[in-house]
Amino acid sequence: MKPITVTSPLLPDLDEFHELLREIWDSKWITNNGSFHQALEAALCEYLKVPYVSLFTNGTLPLLTALQALRITGEVITTPYSFVATTHAIWWNGCKPVFVDIDPATGNIDPDKIEAAITPRTTAIMPVHVYGKPCDTKRIAAIADKYGLKVIYDAAHAFGVEVNGESILKAGDMSTLSFHATKVYNTIEGGAMVMHDAETKKRIDYLKNFGFAGETEVVGPGINSKMDEIRSAYGLLGLKQVDAAIEARHQVAIRYREALRGVKGITFFDDMPGVRHNYSYFPIFIDAEEYGMTRDELYFKLRDHGIWGRRYFYPLISTFSTYRGLPSASKENLPLAHKMADSVICLPMHHELTVEVTDKITTLISSR
Ligand SMILES: *Cc1c(COP(=O)(O)O)cnc(C)c1O
């Protein structure tokens, strides 16, 4: 039997994709800011309700480029409870990551603990909207303003997330997205940066094209992260399906919550008031004592039944060899992040999960 995996890519209609491929073949323009690249940037601005989007080849390079563009140096405050790319981007810019513990109510960096981590060398905060749950962007902005810090949001999980009708991507100096195959919306590999003004957009577009500002002028140490025409066309088609996919995920979340509410030792997040969620993940948290089984025992039991959950985000980034020597990486500094990492399983969550499968999963969990 084929295992039930945690994600399944949202694939465009193959016939429609084939038609667009024909257009690309006829034009012979396959990369370098072609018409599909431009069309996808415009369509994403409209869908995400933001003024400026710059496409990238993945979700890691806009993180690197944001730090580079804002000339971030010294120390960058961030969360250990994320995908490892968040901290890697800080490291690749020659900066020192400073880990701050999380708020267990959301899994996001705890704004109450940020100020204590600020030193004279701090220049930026890089929070993550983990599982697409919005950070407390107002509190973070107030701290950043008080200390003159930049804020770059890793919004890889937060495609389409809105708070009171406004895109979460409008927060901070810049936000970055990932369009990897495993995400809610994908371009196979891909990503984007969201910024707030035309000047920044222009500078970012230079930087993602080696720093070229015209045929012979190079304005900075740029990189190559230009999305090609084929994946841009694929992305245009995916945008037509993403609302339906998010609604299908919402229904999965409703079924999981109905079946698991009241199972002793299992907790999960509910929707936040005023938030348009994207249901990018469905994490559950296991209290081993109350549940009568450890997280790993349940994780492997599910695997034995062909259900491949993922322990996102375990282990914490702060425990990897590159980072574990940092003073802020100590377990004493990050008790709540450790607790969450040690208790989490992300259940399968995608647009194609049937009632039969979610029933099977919730029955396995509730019949321990
Ligand atoms: C997926 C992800 C990234 C990296 O995106 P890629 O497109 O895989 O490079 C960065 N940060 C977070 C939080 C992610 O989940």
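Small disclaimer: the values here were computed from a predicted structure and weren't measured.

Colleague: What should I look at first to understand the overall build of the protein in this one?
Modeller: In terms of regular secondary structure, the protein is built from eleven helices and 13 strands. Rg of the C-alpha trace for the protein: 21 Å, near the compact-globule value of 21 Å for 368 residues, within the 12% margin. Along the first, second and third principal axes, the C-alpha set of the protein runs to 65 × 55 × 40 Å. Buried residues in the protein amount to 55% of all 368 residues. Per element, the accessible surface of the protein, about 16,300 Å² overall, is 54% carbon and sulfur. Counting 38 positive and 44 negative side-chain charges, the protein places the averaged centre of each group 4 Å from the other.

Colleague: Would you mind showing me how to read the nonpolar core here?
Modeller: Soluble globular proteins tend to bury their nonpolar side chains together. One finds Leu44, Phe159, Ile284, Leu298, Leu347 and Ile365 to be the most contacted residues of the largest nonpolar core, which totals 52 residues. Top contributing element to this core by residue count: helix H7 (residues 229–260), with eight residues. Residues from two domains meet in this core; each of domain 1 (4–238) and domain 2 (241–366) gives at least three. Other than its neighbours up to four places away in sequence, Ile284 contacts Leu260, Ile266, Thr267, Phe268, Leu298, Ser343, Val344, Ile345, Leu347 and Ile365. Formed by 24 residues, the second largest nonpolar core is a distinct cluster that contains Phe99, Tyr281, Leu326 and Met340.

Colleague: Is there a simple way to explain empty space enclosed by the protein in this structure?
Modeller: It is the rolling of a water-molecule-sized probe over the atoms that shows where space remains empty. Considering all chains together, one arrives at three cavities of 30 Å³ or more under this definition. When its volume is computed, the largest cavity comes out at roughly 140 Å³. If you go around the largest cavity, you meet 16 residues; those closest to its centre are Tyr131, Lys133, Arg257, Tyr279 and Tyr281. Breaking the lining of the largest cavity down by element, the ones donating at least two residues are H7 and strand S12 (282–286). Summarising the domain contributions, the lining of the largest cavity has at least three residues from each of domain 1 (4–238) and domain 2 (241–366). Put simply, the second largest cavity is a space of about 40 Å³.

Colleague: Help me understand the pairing of strand S1 (residues 52–56) in this model?
Modeller: Residues in a regular strand project their side chains so that they alternate between the two faces of the sheet. Within S1, four of the five residues are buried, which leaves the element mostly enclosed by the surrounding structure. Alignment of S1 against strand S9 (residues 191–195), held across five bridges, turns out to be antiparallel. The partner of Val53 across the bridge, within S9, is Val194.

Colleague: Where do I start with the site of the ligand in this structure?
Modeller: Close to the ligand lie 14 residues, the nearest being Gly59, Thr60, Asp154, Ser178 and Lys183. In this structure, Asp154 approaches the ligand through a side-chain N or O atom, which is 2.7 Å from a nitrogen atom. Between the ligand and Ser178, the relevant distance is 2.7 Å, taken from an oxygen atom to a side-chain nitrogen or oxygen of the residue. About the coverage of the ligand: the protein hides 93% of its 380 Å² of free accessible area. Split into classes, the residues belonging to the shell around the ligand amount to three nonpolar, nine polar and two charged.

Colleague: What am I meant to see in the sheet that holds strand S11 (residues 275–276) here?
Modeller: Strand pairs in the sheet, formed through backbone hydrogen bonds, run parallel or antiparallel to each other. Strand order in this open sheet of three strands is S7-S6-S11, and the pairing throughout is antiparallel. Among the strands making up the open sheet, the edge pair consists of strand S7 (166–167) and S11. The pairing of strand S6 (residues 162–163) with S11 spans two bridges and is classified as antiparallel. From the neighbouring strand, Glu162 faces S11, where its bridge partner is Arg276.

Colleague: Which parts of the structure should I look at to understand a nonpolar patch on the surface?
Modeller: There is a patch of nonpolar side chains on the surface, built from Phe210, Phe212 and Val218 and spanning about 250 Å² of accessible area. Position of Phe212 among the secondary structure elements: in the loop between helix H6 (198–207) and H7.

Colleague: Where do I start with unusual backbone geometry in this structure?
Modeller: Negative phi values dominate among residues other than glycine, just as trans dominates among peptide bonds. Put simply, Tyr312 and Phe313 share a cis peptide bond, and its omega is 10 degrees. If you trace the backbone, Phe313 turns up in the loop between helix H9 (295–304) and helix H10 (335–343). A positive phi angle is found at Ile188, which is not glycine, with a value near 75 degrees. Inspection of the secondary structure puts Ile188 in the loop between strand S8 (174–178) and S9.

Colleague: Help me understand the sheet that holds S9, please; the structure alone is not making it clear to me.
Modeller: Read from one edge of the open sheet, seven strands run S1-S9-S8-S5-S4-S2-S3, paired in mixed fashion. Only two strands of the sheet have a single neighbouring strand rather than two, namely S1 and strand S3 (96–99). For this sheet the average axis-to-axis angle between neighbouring strands, irrespective of direction, equals 25 degrees. Sheet topology note: the S8/S9 ladder contains four bridges and is antiparallel. Residue pairing in the sheet places Thr176 in a bridge with Met193 of S9. Strands in contact with helix H2 (residues 35–48) are S1 and S8; relative to S1, the strand with the most contacts, it is inclined by about 130 degrees. Sheet strands touched by helix H4 (residues 85–92): strand S2 (75–78), S3, strand S4 (122–126) and strand S5 (150–154). Its angle to S3, the strand with the most contacts, is close to 140 degrees.

Colleague: Hey, could you run me through a negative patch on the surface in this one?
Modeller: Side chains of Asp13, Asp15, Glu19, Glu23 and Asp26 sit close together on the surface and give a patch of like negative charge. Looking at Glu23, the relative accessible area reads 46%, which means it is partly exposed.

Reading guide: rules and limits
Residues numbered from 1 in each chain as written. Predicted model: local features only at pLDDT ≥ 70, side-chain atom pairs only at ≥ 80, totals over all residues. Heavy atoms only, no water. Helix = DSSP H or I, 4+ residues; strand = E, 2+ residues; numbered from the N terminus. Rg over C-alpha atoms; globule rule 2.2 N^0.38 Å. Buried < 20%, exposed > 50% of the residue type's maximum accessible area, 1.4 Å probe, protein only. Areas by Shrake-Rupley, 256 points an atom, 1.4 Å probe, with all protein chains shown as cover. Lys, Arg positive; Asp, Glu negative; His and termini not counted. Charge placed at Lys NZ, Arg CZ, Asp CG, Glu CD. Core = buried A, V, L, I, M, F, W, Y, C linked by side-chain atoms within 4.5 Å. Domains from an automatic or database assignment. Contact = heavy atoms within 4.5 Å. 1 Å grid on protein atoms, 1.4 Å probe; cavity = no way out; pocket = protein on both sides within 12 Å on 5 of 7 lines; lining within 4 Å. Points joined across faces, edges and corners; volume = space filled by probe spheres on them. Pairing = 2+ DSSP bridges. Near = heavy atom within 4 Å. Polar contact = N/O pair within 3.5 Å; in protein donor to acceptor, adjacent residues only side chain to side chain. Nonpolar A, V, L, I, M, F, W, Y, C, P; charged D, E, K, R; others polar. Patch = residues over 30% accessible without salt bridge, like charges linked within 9 Å, V, L, I, M, F, W, Y side chains within 5 Å. Salt bridge = Lys/Arg side-chain N within 4 Å of Asp/Glu carboxyl O. Axes fitted to C-alpha atoms, helices over the stretch in contact; angles between N-to-C directions.

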